[in-house]
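This is what each chain is made of:
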Amino acid sequence: MTEPLVNASKDEGVMILELRNPHANTYSYEMMRELDAHILDARMDESVHVLMLTGAPPSDAKKPTEFFCAGADIEMLQKSAPYFKYNFCLHANETLCRLEQTPKLVIAAINGHCVGGGLEIALACDLRIARANAGKLGLPEVSLGVLPGTGGTQRLGRAVGRAKAIELMAEGTTFGVDDAKALGLINAVLDVPAAEFRAGALEYARKFVPPSKASRAVGFIKRAVTTGLEVGLEQGLALERELQQRLFEGQDAKEGLSAYNARRPPQFSGK
């Protein structure tokens, strides 16, 4: 049997999706199909409150450099016909949109180099954490004579602003984790050894899992912000009201209000 290109596992309410294609964890159509399937599984699984994407660790001692993802498999693209390339990019866009629209928090745990399509995957996540000095980030596709075609031109502009996004992509700039943090691309930096990063990232992810956090409310906050940025203010406010009403009808709002009035820590269920 062939090895999976996306390893999926669950840990205390967190679904870990590990991109695995040694040695740079580049993605192919097959990997995107596996990722797409796992995203759908996570949506339907009530025990999953948070998704965490990361890269598989190096499997070859001769190539110890870690990668979150180095983007699309360039050799595969070089050999492919234009018809395949177009539909490959279309499916990758659909997969990342599905990830972005999933009403559960998605965290990119960047354990190594995160460039090209790898950064485009990370940009489709809600929060991004990285290991200190993990490697380079950036969208250098211009050096190949193409543009970032898996959402990079759209999501980077929304993340850092129009002028800075054009500058970074037009120059093909790559930059370190500290610079990414200063740009607002990274939410948190974990200054830990490589071997301890996965555990640290999981600890971070569990902050958003019941009973300590109302994960359904977190997911609805994500939906309200993500959709609200794409529509007018009135439509965004209408969506916010509808989501708020759904939360008021759920168990966590009742628990949160009751705990507040009783001056005790809430015990959320994610419902």
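Predicted model only: the values in this text are computed from it and were never measured.

What counts and what doesn't
- Residues numbered from 1 in each chain as written.
- Predicted model: local features only at pLDDT ≥ 70, side-chain atom pairs only at ≥ 80, totals over all residues.
- Heavy atoms only, no water.
- Axes fitted to C-alpha atoms, helices over the stretch in contact; angles between N-to-C directions.
- Helix = DSSP H or I, 4+ residues; strand = E, 2+ residues; numbered from the N terminus.
- Parallel < 35°, antiparallel > 145°, perpendicular 65-115°, else oblique.
- Contact = heavy atoms within 4.5 Å.
- Nonpolar A, V, L, I, M, F, W, Y, C, P; charged D, E, K, R; others polar.
- Pairing = 2+ DSSP bridges.
- Core = buried A, V, L, I, M, F, W, Y, C linked by side-chain atoms within 4.5 Å.
- Buried < 20%, exposed > 50% of the residue type's maximum accessible area, 1.4 Å probe, protein only.
- Patch = residues over 30% accessible without salt bridge, like charges linked within 9 Å, V, L, I, M, F, W, Y side chains within 5 Å.
- Areas by Shrake-Rupley, 256 points an atom, 1.4 Å probe, with all protein chains shown as cover.
- Salt bridge = Lys/Arg side-chain N within 4 Å of Asp/Glu carboxyl O.

Caption draft 1: Representation of the packing of helix α9 (residues 215–228) against helix α10 (residues 233–248). For the pair α9 and α10, the least separation of the axes is 9 Å and the interaxial angle reads 170 degrees. The pairing of α9 with α10 is recorded here as roughly antiparallel in orientation. Residues Arg216, Ala217, Phe220, Arg223, Ala224, Thr227 and Gly228 of α9 form the contact with α10, whose own contacting residues are Gly236, Leu239, Leu243, Arg246 and Leu247. Looking at the contact of α9 with α10, its residues break down into six nonpolar, three polar and three charged.

Caption draft 2: Representation of the sheet that holds strand β3 (residues 50–55). Taken in spatial order, the six strands line up as β1-β2-β3-β5-β7-β10 in an open sheet, and their pairing is mixed. Two strands bound the open sheet, and with one partner strand each, they are β1 (6–11) and β10 (188–190). Neighbour-to-neighbour, the strand axes of this sheet turn through a mean angle of 20 degrees, independent of strand direction. Two strands pair when backbone bridges link them, and β1 and strand β2 (residues 14–19) are joined in this way by six bridges, in the antiparallel orientation. The partner of Ala8 across the bridge, within β2, is Leu17.

Caption draft 3: Structural detail: the nonpolar core. The biggest cluster of nonpolar side chains holds 47 residues, and the ones touching the most others in it are Leu53, Phe68, Leu99, Ile110, Ile121, Leu137 and Leu156. In terms of residue count, the dominant contributor to this core is helix α1 (residues 29–44) (five residues). Those residues in contact with Ile110 that lie beyond four places of it in its chain are Phe68, Ala122, Arg128, Ile129, Ala130, Arg131, Ala134, Leu137, Ile186 and Phe197. Formed by 19 residues, the second largest nonpolar core is a distinct cluster that contains Ala188, Ala201, Tyr204 and Ala205.

Caption draft 4: Examining a nonpolar patch on the surface more closely. On the surface, Ile74, Leu144 and Val146 cluster together into a nonpolar patch covering about 280 Å² of accessible area. Summarising the element assignment, Ile74 is placed in helix α2 (residues 74–79). A relative accessible area of 45% means that Ile74 is categorised as partly exposed.

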